[in-house]
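Architecture at a glance
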2 protein chains.
Amino acid sequence: MTIPDLTDVHPAWLPPEAFRPIGSRRVAVLGAGALVDTVRAEVAAAQARYGGPATGPATGPSTGPATGPSTGPAGCVLALTGADLEGGGLPEAVRAVAGEAGPTGPEGYALARRDGVTVVVADAPAGLLYGLFHLVRLGEAAFAADRPVERHAPAAARRMLDHWDNVAVHPVMGQVERGYAGGSLFWRDGVLREDLTRVRAYARLLAAAGINAVAINNVNVHAAEARLLTDRLGEVAAIAAELRPYGIRVHLSVSFASPVVLGGLDTADPVREEVRRWWAAAAGRVYAAVPDFGGFVVKADSEGQPGPFAYGRSHADGAGALADALAPHGGVVHWRAFVYNHRQDWRDRSTDRARAACDHFAPLDGRFADNVILQVKHGPMDFQPREPVSPVIAAMPATKLAVEFQVTQEYTGQQRHVCYLAPMWSEILGFQPWGPDGGGRTVADVAAGGGGLVAVSNAGDDPYWTGHPLAQANLYAFGRLAWDPRLDPAAILDEWAGLTFPATAAELRGTLHALMDGSWRTYERYTAPLGVGFMVRPGHHYGPDVDGYEYTPWGTYHFADRDGVGVDRTRATGTGFTGQYPRPWREVYESAARCPDELLLFFHHVPYGHVLRSGATVIQHIYDTHFAGVEEVAEMRAHWDKLDGTGLVDPALHSRVTELLEEQRRCAEEWRDQVNAYFFRKSGVPDAHGRRIP
Amino acid sequence: MTIPDLTDVHPAWLPPEAFRPIGSRRVAVLGAGALVDTVRAEVAAAQARYGGPATGPATGPSTGPATGPSTGPAGCVLALTGADLEGGGLPEAVRAVAGEAGPTGPEGYALARRDGVTVVVADAPAGLLYGLFHLVRLGEAAFAADRPVERHAPAAARRMLDHWDNVAVHPVMGQVERGYAGGSLFWRDGVLREDLTRVRAYARLLAAAGINAVAINNVNVHAAEARLLTDRLGEVAAIAAELRPYGIRVHLSVSFASPVVLGGLDTADPVREEVRRWWAAAAGRVYAAVPDFGGFVVKADSEGQPGPFAYGRSHADGAGALADALAPHGGVVHWRAFVYNHRQDWRDRSTDRARAACDHFAPLDGRFADNVILQVKHGPMDFQPREPVSPVIAAMPATKLAVEFQVTQEYTGQQRHVCYLAPMWSEILGFQPWGPDGGGRTVADVAAGGGGLVAVSNAGDDPYWTGHPLAQANLYAFGRLAWDPRLDPAAILDEWAGLTFPATAAELRGTLHALMDGSWRTYERYTAPLGVGFMVRPGHHYGPDVDGYEYTPWGTYHFADRDGVGVDRTRATGTGFTGQYPRPWREVYESAARCPDELLLFFHHVPYGHVLRSGATVIQHIYDTHFAGVEEVAEMRAHWDKLDGTGLVDPALHSRVTELLEEQRRCAEEWRDQVNAYFFRKSGVPDAHGRRIP
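Since the structure is predicted, the reported quantities are computational estimates derived from the model, not experimental observations.

1. Points about the overall build of chain A
When its secondary structure is counted, chain A shows 22 helices and 19 strands. Principal-axis analysis of the C-alpha atoms places the extent of chain A at approximately 80 × 65 × 50 Å. For chain A, the proportion of contacts with a sequence separation of at least 24, taken over those separated by at least 6, is 72%. Accessible area of chain A: about 23,200 Å², with a carbon and sulfur share of 52%.

So this is what it looks like as structure tokens:
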């Protein structure tokens, strides 16, 4: 087990310096297992760099009392609770902490410091690995004063990133669909990369953030990618081998039509015996090559992908065929709920894409196999900067649900704009689908009790991993929120900054918070107003085009006319979408007076003179937020400029962010001017403050 | 010389049957030269098929008196006036016709029938070839009653088609930029086609329509295409060899940056001696390979193509460097006037793309070398279905101008819609830039006195050549109008139909006129209204998107707001574009009251209630024309459906046109509904007739 050490690639939140506190101490790692070996290798590499006394094998005399030499810094023990040192059992300190902590579960750990020794204990190797990264996050603080026993365990067992990577470069979508950080980490120009060191480094970063599953290929499965399930399975195994040492299981996006396109059958009907046999055999081959394979991800009957509808079967039947094939091996099916009519007639105001997932899936509640996870986008549309929470999340109590986010910034600035998404995710995760009187149950609770969280990764072969260096924080924050959805986004930002800029985090903190804390709301201000969404350029989705999706088949409309704007989704006069929510939201969203301002145009078509809860009219709100959004970007830029020449961040990173902020300013102004001009031309209402609208 | 005889490719307007009248008669071809050999080969092939007595060599006894045997049909003589039959001179009948006709010029011919002999005479071989195709057009009528001497000569010496063919398939634009008829006739997947028989057949079709020049590659010259000028010159020569037997000279689009990208110089500055030497040497190599090479086509400083502005030089200087290199060989430079700022700020209403060509080029009048032809698009924008005539055409009396049309239907239905363009071209060609008091001088006169007509071809490797089978008529009509701009579009349609459907043209005539005569105006009705243009989907330009180009850098706006629509290009309050026209148009266009309705929104921003010269308001006109346009398409469809099963057209052709008419209906409805909905939402004015606007 070699710890990847890349040159020419930014270390993100695991720079060598972050390991100094561990590497300069005597550390004992007790226990056996592959992930324990990873912990041991991490510690050894840090010690080799920072001069800590070498740690011996897990068993044997040199691992004895885990205290450092009396002249050195205090020691540290990371131990599996079940470790038996050749019959001698665990050191007393470790046993004491483990006893106080109680069971840690398969990925949890407990941490304490007493009598000059920092102790991490875990019942299972994965917990020890996460405990190690917790120590890294704590830094010197882990070795300062005594700490009482803290227990840490992930809220959800599944914390997953989906890669929309293509094997072959797609003529329109490129190597990575909706990727803004260069090419794929896995493939290059149609073949598996020869050197997968960077995949190992990626796994390490993900583990440090708490991720434990990665789907390696695009949910839109094209011809080359389909074959990963069969004759290109070796590539999956090779990637799995790089992810495995960091506790990450590989998942594969597969085509529902695989029995036809790969197996040569004349049907993919999920209830046909030969189809089920084909899937069972395919799954068997996968597990023979990748024993800890996670499972399949399926986008079926969605935007042109094949699915069970072609055979008159339900999605429960469709998912079931794949689930049954995986079940003997412990695998799962992530079955996406993103099913809607993408050939809608824009003239037809009765069809409502927002309704589609619930209409399709809620009737199937309870009919999915146990190892099916229904993967639901957080909103009813498609990763817009502002959407209500998907009603599916409250509608399927007898189904395992995973909530899907998009770390890749398809609709949130495409990693050219600073847009720290943790506040959005946190707000969604804390949303109470049954309201404040619903026992306090949140979206996070639904996910934790089901399939956990899934997100589309924003990483690629860019030297900064994520295109925009500050977008690293989104990848980190997603992992941390998947582990613990109650974490405060600002605190996660501090964690991330402390790791990423270990020497200067304290001085940078103010600037980073000024740039990032409010950046999602800033982005919301200068783009589509009041939750109406989709005013983006069709196709690439970057930059404004107010009518770009208005007369298209995609179901994404705002219905602006000279009198008003917004989509009437009420039961009283609209599409009835509000009725998909339980109380109180079905009543709150139904009422233009009670509906939260930020979602008003998602649920209601109102006159431009409609007075918001904020007191502003809709039209003046549009003008005000668009002017404000651009001003906020200018302020972000000013904050960043002040770092120039201070040496607090690497000059190359500073320069890249400066260039991107300039593009963000340009683009924000374009958004402001197009949206304001569009609504001024339509409404004829001048800005109350007389500002220039082109 | 073999006459191409393709299977699996539609014969267009040269089906074998069209040669029956010639092929079944005794015909003498008198004279020598390559094009005379072509005439002879055409006659021989027709006779071989239809049993006419074989024709002997041009000189010798068997070519004697050109009358048929007394029992056979009357004979025919095609003769060069200079032909000397071994000192015996021309037959008497031929000498008599030639004498009456006088000089025919290099491409003209005279035709008569007397004493049972049809005579075609020409001073030069090309004229004889065109005379042959005239006989084909006349059919049996050429051999019926006596005909007095008719003289035919092209209005302009240059009648050219530009191919926007790429050698390498462009990732976005494909093999043929703005091509809607399959791949290139010349290249396939980056290499010259092995079998160029179809190029020969294409040349034959073009010659029969009157074309005598073809530029073979895209004006946007990418890396692979640039090398046609140097190490891929052999491909140019191979294509030239196929076009030559039909009197067509090859031209080549070249990159202004060739001295840099091909020659390795560090500059392409057109006044630098090493640059001029490079171009001279390059031209020398071209003429060594293609002695009758026509010249270069250059798109410079336009939409990203390199040009003289980079060196602070004028376009006269830029064109001059290339012209001087070609002059010793008799070649010309077609220098495109399509120069404008394609990175305009949409907020800036003072910049006007319509002004750009005149602003750039009019000051250079008289400064271009003699062998430069300034190639001017017919309108000031870009091949919209309705534009005013470009003011450049009247602004440069001391410059050779060619007027450029677009046979390929980029903005006129992309060969999925029936849109017979001859009426538009005819209207433009007959336009009097100096008004009715300007001595009757027309656009056609300007072109004829300068560089003639150029058009972008609509042909590709499609089995029907042009995608839509009826779009063949546009290719034919362009050639015929380039030859004689005064021809009546309906008469050209009859000619085309007579050739294309020789057995059934009489029965088809009514249907074809019903479908095609008014199809351009129908297209205009259901698309962008009143000359405003560019309401198309950005990028591919097919189908409606009213705001698609409204907030873009392309300079293509309509400025619709809740009160009105249109571009103020007046001198009084607008961009001043009207001032680029001479009287009377500068006054006519300046006045909203006098401006022709169909151009109103091109020149004026008016309220929706503005009353047109037709008596309708602008908004009601928009509704009325859009409903009418769709109804007209339905009528076209009904006319075509009546042919089903009649056997009057080939079932495969009928079926293809039927499918395309269905797409035209769908698309026309989409246009109608989007345009009407857009303007209803903006104006709030209901349709006076209460029709449904979605």
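2. Looking at the relation of the copies chain A and chain B
Screw-axis analysis of chain A against chain B gives a translation of 0.1 Å along the axis, an RMSD of 0.0 Å, and a rotation angle of 180°. The transformation just described matches what one would write down for a two-fold rotation axis.

3. So, the packing of helix 16 (residues 489-500) of chain A against helix 17 (residues 505-516) of chain A
All names here are of chain A. For the pair helix 16 and helix 17, the least separation of the axes is 10 Å and the interaxial angle reads 135°. Between helix 16 and helix 17, the interaxial angle falls into the category oblique. Between helix 16 and helix 17 lies a crossing whose hand is right-handed. Residue-level inspection shows Ala490, Leu493, Asp494, Trp496, Ala497 and Gly498 of helix 16 in contact with helix 17, the latter providing Ala505, Arg509, Leu512, His513 and Met516. Each residue belonging to the contact of helix 16 with helix 17 can be placed in one class, and the counts come to seven nonpolar, two polar and two charged.

4. Regarding the sheet that holds strand 6 (residues 159-162) of chain B
Residues and elements named next belong to chain B. The strand order 6-11-12-13-14-15-16-17 describes a closed barrel built from eight strands, whose pairing is parallel. Geometrically, the sheet is characterised by an average inter-axis angle of 25° between neighbouring strands, direction not taken into account. Strand direction decides the pairing type here: strand 6 and strand 17 (residues 452-456), joined by four bridges, are parallel. Looking at the pairing, Asp162 lines up with Val456 of strand 17.

5. Points about the side chain of Arg336(B)
Residue and element names in this part refer to chain B. One can find Arg336 in strand 14 (residues 332-336). Classification of Arg336 by relative accessible area gives buried; the value is 2%. Only 2.8 Å separates the side chain of Arg336 from the side chain of Glu404, close enough to count as a polar contact. Not counting residues up to four positions away in its chain, the partners in contact with Arg336 are Trp164, Val219, Val297, Val298, Lys299, Phe361, Gln375, Lys377 and Glu404.

6. Observations concerning the pairing of strand 15 (residues 372-377) of chain B
Residue and element names in this part refer to chain B. Where burial is concerned, most of strand 15 is hidden: six out of the six residues are buried. Here strand 15 shows two buried faces, one formed by Val372, Leu374 and Val376 and the other by Ile373, Gln375 and Lys377. When strand 14 meets strand 15, the two strands line up parallel, connected through four bridges. Across the sheet, Arg336 pairs through a bridge with Gln375, a residue of strand 15. With helix 11 (residues 356-361) bridging strand 14 and the parallel strand 15, this β-α-β connection has right-handed handedness. Relative to strand 16 (residues 401-406), strand 15 is paired through four bridges, and the arrangement is parallel. Bridging from a neighbouring strand, Leu374 pairs with Leu401 of strand 16.

7. Some details on the nonpolar core
Residues Trp13(A), Leu78(A), Trp335(A) and Trp496(A) are the most contacted members of the largest nonpolar core, which totals 233 residues. The greatest single-element share of this core, amounting to 10 residues, is contributed by helix 22 (residues 651-683) of chain A. In this structure Leu78(A) touches Val27(A), Ala28(A), Val29(A), Leu30(A), Val39(A), Val43(A), Val120(A), Leu128(A), Gly131(A), Leu132(A) and Leu135(A), once residues within four positions along its chain are discounted. The next biggest cluster of nonpolar side chains, apart from the first, holds 232 residues, and it includes Ala12(B), Phe293(B), Phe383(B) and Val588(B).

8. Some details on the interface of chain A and chain B
At the interface, 26 residues of chain A touch 27 residues of chain B. A buried area of about 2,500 Å², summed over both sides, lies between chain A and chain B, and 43% of it is on carbon and sulfur atoms. The largest contributions to the chain A side of the interface with chain B come from Tyr551(A), Arg562(A) and Arg681(A), which together make up 34% of the buried area. As a salt-bridge pair, Glu550(B) and Arg681(A) come within 2.9 Å of each other at their nearest N and O atoms. Inspection of the chain A/chain B interface yields 19 residue pairs in polar contact (both at pLDDT 80 or more). Classifying every residue of the side of chain A that touches chain B by side-chain character gives eight nonpolar, five polar and 13 charged.

9. Focus: the pattern of salt bridges
Scanning the model with the defined rule gives 100 salt bridges over all chains in all. Linking Arg49(B) and Asp5(B) is a salt bridge whose minimum nitrogen-to-oxygen distance equals 3.6 Å. Of the two residues, Arg49(B) sits in helix 2 (residues 34-50) while Asp5(B) sits in the segment before helix 1 (20-23), which places them 44 residues apart along the sequence. Classification of Arg49(B) by relative accessible area gives partly exposed; the value is 47%. When salt bridges with common partners are traced through the structure, they connect Asp345(A), Arg347(A), Glu670(B), Arg672(B) and Asp673(B) into a single cluster.

10. Side note on the pairing of strand 16 of chain B
Residues and elements named next belong to chain B. The buried fraction of strand 16 is high, at six of six residues. Burial along strand 16 is two-sided: the face carrying Leu401, Val403 and Phe405 and the face carrying Ala402, Glu404 and Gln406 are both buried. Where strand 16 lies against strand 17, five bridges are found, and the strand directions are parallel. Within the sheet, the bridge partner assigned to Glu404 lies in strand 17 and is Val454.

11. Concerning helix 17 (residues 505-516) of chain B
Taking 1.5 Å of rise per residue, 12 residues should cover 16 Å, yet helix 17 of chain B covers just 14 Å from first to last C-alpha, more than 12% shy of that figure. Those residues of helix 17 of chain B not exposed but buried are Ala505(B), Leu508(B), Thr511(B), Leu512(B), His513(B), Leu515(B) and Met516(B).

12. Section: the sheet that holds strand 15 (residues 372-377) of chain A
With parallel pairing, the eight strands of this closed barrel are ordered in space as 6-11-12-13-14-15-16-17 (chain A). When strand polarity is set aside, the average angle formed by the axes of neighbouring strands in this sheet is 25°.

13. Structural notes on helix 10 (residues 315-326) of chain A
All names here are of chain A. When the terminal C-alpha atoms of helix 10 are compared, their 17 Å separation across 12 residues agrees well with the 16 Å that a helix rising 1.5 Å per residue should span. Here helix 10 lies mainly inside the structure; 10 of its 12 residues are buried. Those residues of helix 10 that sit buried are His315, Ala316, Gly318, Ala319, Gly320, Ala321, Leu322, Ala323, Ala325 and Leu326. In this structure, the buried residues of helix 10 make contact with helix 9 (273-289), strand 13 (295-298), strand 14 (332-336), helix 11 (353-361) and strand 15. Sitting at the amino-terminal end of helix 10 is Ser314, which places a side-chain oxygen 3.2 Å from the backbone nitrogen of Ala316.

14. Digging into the packing of aromatic side chains
Residue and element names in this part refer to chain A. All told, the structure shown has 64 aromatic pairs over all chains when counted by the stated rule. When the centroid spacing of 4.7 Å and the interplanar angle of 35° are considered together, the rings of Phe431 and Trp585 count as tilted. Here the residue Phe431 occupies a position in the loop between helix 13 (422-430) and helix 14 (443-448), and Trp585 occupies one in helix 19 (residues 585-590), the gap between them amounting to 154 residues. Its relative accessible area of 15% is what places Phe431 among the buried residues. Chaining the aromatic ring pairs together yields one cluster made of Phe431, Phe577, Tyr581, Trp585, Tyr589, Phe602 and Phe603. A cation over a ring is seen here: Arg353 above Tyr340, with NZ or CZ 3.8 Å from the ring centre.

15. Quick notes on the environment of Pro489(B)
Within the secondary structure layout, Pro489(B) lies in helix 16 (residues 489-500). In this structure, the C-alpha to C-alpha distance between Pro489(B) and Ser302(B), residues 187 residues apart in sequence, is 33 Å.

16. Things to note about the confidence of the model for chain A
Residue and element names in this part refer to chain A. In this model, chain A carries an average pLDDT of 95, and 97% of its residues clear a pLDDT of 70 or more. Confidence over residues 56-74 falls short of pLDDT 50; this stretch has 33 contacts with residues more than four positions distant or in other chains. Interface confidence in the predicted complex, given as ipTM, is 0.91; pTM for the same model is 0.94.

17. Some thoughts on the environment of Arg188(A)
With respect to the helices, strands and loops of the structure, Arg188(A) is situated in strand 9 (residues 187-188). Not counting residues up to four positions away in its chain, the partners in contact with Arg188(A) are Gln175(A) and Arg193(A).

18. Overview of the side chain of Gln344(A)
Residue and element names in this part refer to chain A. Checked against the element boundaries, Gln344 lands in the loop between strand 14 and helix 11. Here the side chain of Gln344 touches Thr351 through a polar contact of 3.1 Å, landing on its backbone oxygen. Those residues in contact with Gln344 that lie beyond four places of it in its chain are Thr351, Arg353, Thr552, Pro553, Gly555 and Tyr557.

19. Brief notes about the environment of Tyr551(B)
Residue position: Tyr551(B) is located in the loop between helix 18 (519-526) and strand 18 (564-565). With relative accessibility at 6%, the residue Tyr551(B) sits in the buried group. It is 40 Å that separates the C-alpha atoms of Tyr551(B) and Ile211(B), two residues lying 340 residues apart in sequence. When residues no more than four places from it in sequence are discounted, the contact partners of Tyr551(B) are Glu670(A), Gln674(A), Ala677(A), Tyr678(A), Arg681(A) and Trp346(B).

About the cut-offs
Residues numbered from 1 in each chain as written. Chains lettered and ligands numbered in written order. Predicted model: local features only at pLDDT ≥ 70, side-chain atom pairs only at ≥ 80, totals over all residues. Heavy atoms only, no water. Helix = DSSP H or I, 4+ residues; strand = E, 2+ residues; numbered from the N terminus. Contact = heavy atoms within 4.5 Å. Areas by Shrake-Rupley, 256 points an atom, 1.4 Å probe, with all protein chains shown as cover. Least-squares fit on C-alpha atoms with pLDDT ≥ 70 in both. Axes fitted to C-alpha atoms, helices over the stretch in contact; angles between N-to-C directions. Parallel < 35°, antiparallel > 145°, perpendicular 65-115°, else oblique. Left-handed = near helix turned anticlockwise from the far one by under 90°. Nonpolar A, V, L, I, M, F, W, Y, C, P; charged D, E, K, R; others polar. Pairing = 2+ DSSP bridges. Buried < 20%, exposed > 50% of the residue type's maximum accessible area, 1.4 Å probe, protein only. Polar contact = N/O pair within 3.5 Å; in protein donor to acceptor, adjacent residues only side chain to side chain. Right-handed = clockwise from strand over helix to strand, strands pointing away. Core = buried A, V, L, I, M, F, W, Y, C linked by side-chain atoms within 4.5 Å. Buried area = accessible area lost by both parts, 1.4 Å probe. Salt bridge = Lys/Arg side-chain N within 4 Å of Asp/Glu carboxyl O. Expected span 1.5 Å × (residues − 1). Phe/Tyr/Trp six-rings, centres within 6.5 Å; stacked < 30°, edge-to-face > 60°. Lys NZ or Arg CZ within 6 Å of the ring centre and 35° of its normal. pLDDT = per-residue confidence, 0-100.

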